[in-house]
Amino acid sequence: MSKRDKIIYWIATGLLSAMMLMSAGMYIFNNAAINEAFIKLGYPTYIIYPLAIAKLFGLLAILTNKSKVLKEWAYAGFFFDFVLAAAAHISVNDGEEGGAYVALALLIVSYIFGRKR
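Here the structure is a predicted model, which means the values were calculated and not measured.

Enquirer: I'd love a proper account of the overall build of the chain, names of residues and values included.
Expert: Looking only at helices and strands, the chain features five helices and zero strands. For the chain, whose C-alpha radius of gyration is 15 Å, the value lies close to the compact-globule estimate of 13 Å for 117 residues. Intrachain contacts of the chain at a sequence separation of at least 6 include 62% that bridge at least 24 residues. When the accessible surface of the chain is split by element, carbon and sulfur atoms take 70% of a total near 7200 Å². Averaging the locations of the 11 positively and 7 negatively charged side chains of the chain gives two centres separated by 18 Å.

Quick look at the structure:
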């Protein structure tokens with residue numbers, strides 16, 4: 001893997017990690033606002049804390065690279081999370097799907113350049 005590829009991988013993975021950490025932090029520390037958002041999107045609110053924990057474990061799997069299988073599942077889980085988030089925002093027409101698109105783009109770049117490692 002070239003130095004350029006490593007830089008691209010770590011920038012994409014770092015930005016993705018920051019987004020997921022901020023998201024999980026919001027789910028935990030600003031639960032009232034997230035509850036409202038989930039209700040508006042049509043999601044049950046009981047999945048907020050498990051989703052926050054799943055995001056943290058997914059990041060751990062990607063960043064530690066201890067298990068290739070767990071890392072692949074983490075990428076897959078994030079992929080579905082971002083696609084479904086974008087679809088939910090589009091379905092309620094609130095114009096908030098941009099974050100999901102950015103996260104999806106970062107995820108794809110991280111995955112492609114991570115496979116080169």
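Next, the rest of the story.
Enquirer: If you had to explain the packing of aromatic side chains to someone new, which residues and values would you point to?
Expert: For the structure shown, the criterion picks out six aromatic pairs. Seen in terms of ring centroids, Tyr 75 and Tyr 111 are 5.1 Å apart; in terms of plane orientation they differ by 75°. Their pairing is edge-to-face. Remark: Tyr 111 occurs in helix H5 (residues 98–115) and Tyr 75 occurs in helix H4 (residues 68–92); sequence separation between them is 36 residues. For Tyr 111, a relative accessible area of 29% translates into the label partly exposed. On the numbers, 5.6 Å between centres and 75° between planes, the contact of Phe 79 with Phe 80 is edge-to-face. Among the residues examined, Phe 79 registers a relative accessible area of 34% and is labelled partly exposed.

Enquirer: Residue-level account of the pattern of salt bridges, with values.
Expert: Scanning all chains against the criterion turns up four salt bridges. Its salt-bridge partner being Lys 55, residue Asp 81 comes within 3.7 Å of it at the nearest N-O pair. Residue Asp 81 is located in helix H4, and its partner Lys 55 is located in helix H3 (residues 48–64); the two are separated by 26 residues in the primary sequence. Among the residues examined, Asp 81 registers a relative accessible area of 19% and is labelled buried. Overall, Lys 55 belongs to the buried group, its relative accessible area being 4%. We note a salt bridge from Arg 115 to Glu 72, for which the minimum N-O separation is 3.1 Å.

Enquirer: For the environment of Asn 30, give the residues involved together with the corresponding values.
Expert: Considering the arrangement of structural elements, one finds Asn 30 in the loop between helix H1 (3–29) and helix H2 (31–41). Judged by relative accessible area, Asn 30 falls into the partly exposed class, the value being 31%. The spacing of Asn 30 and Ile 48 is 18 residues in sequence and 11 Å in space, taken between C-alpha atoms.

Enquirer: Go over the layout of surface pockets with me, naming the residues and quoting the values.
Expert: By volume, the largest pocket is sized at about 730 Å³. Along the wall of the largest pocket there are 25 residues; nearest its centre are Ser 23, Tyr 27, Lys 55, Ala 85 and His 89. Contributing elements (two or more residues each) for the lining of the largest pocket: H1, H2, H3, H4 and H5. The element best represented in the lining of the largest pocket is H1, accounting for six residues. Reported here for the second largest pocket is a volume of approximately 260 Å³. Taken together, 16 residues form the lining of the second largest pocket, with Ala 54, Phe 57, Gly 58, Ala 61 and Ala 74 sitting closest to its centre. Residue assignment for the lining of the second largest pocket shows that the elements contributing at least two residues are H3 and H4. Across the lining of the second largest pocket, the residue classes tally to nine nonpolar, four polar and three charged.

About the thresholds
- Residues numbered from 1 in each chain as written.
- Predicted model: local features only at pLDDT ≥ 70, side-chain atom pairs only at ≥ 80, totals over all residues.
- Heavy atoms only, no water.
- Helix = DSSP H or I, 4+ residues; strand = E, 2+ residues; numbered from the N terminus.
- Rg over C-alpha atoms; globule rule 2.2 N^0.38 Å.
- Contact = heavy atoms within 4.5 Å.
- Areas by Shrake-Rupley, 256 points an atom, 1.4 Å probe, with all protein chains shown as cover.
- Lys, Arg positive; Asp, Glu negative; His and termini not counted.
- Charge placed at Lys NZ, Arg CZ, Asp CG, Glu CD.
- Phe/Tyr/Trp six-rings, centres within 6.5 Å; stacked < 30°, edge-to-face > 60°.
- Buried < 20%, exposed > 50% of the residue type's maximum accessible area, 1.4 Å probe, protein only.
- Salt bridge = Lys/Arg side-chain N within 4 Å of Asp/Glu carboxyl O.
- 1 Å grid on protein atoms, 1.4 Å probe; cavity = no way out; pocket = protein on both sides within 12 Å on 5 of 7 lines; lining within 4 Å.
- Points joined across faces, edges and corners; volume = space filled by probe spheres on them.
- Nonpolar A, V, L, I, M, F, W, Y, C, P; charged D, E, K, R; others polar.

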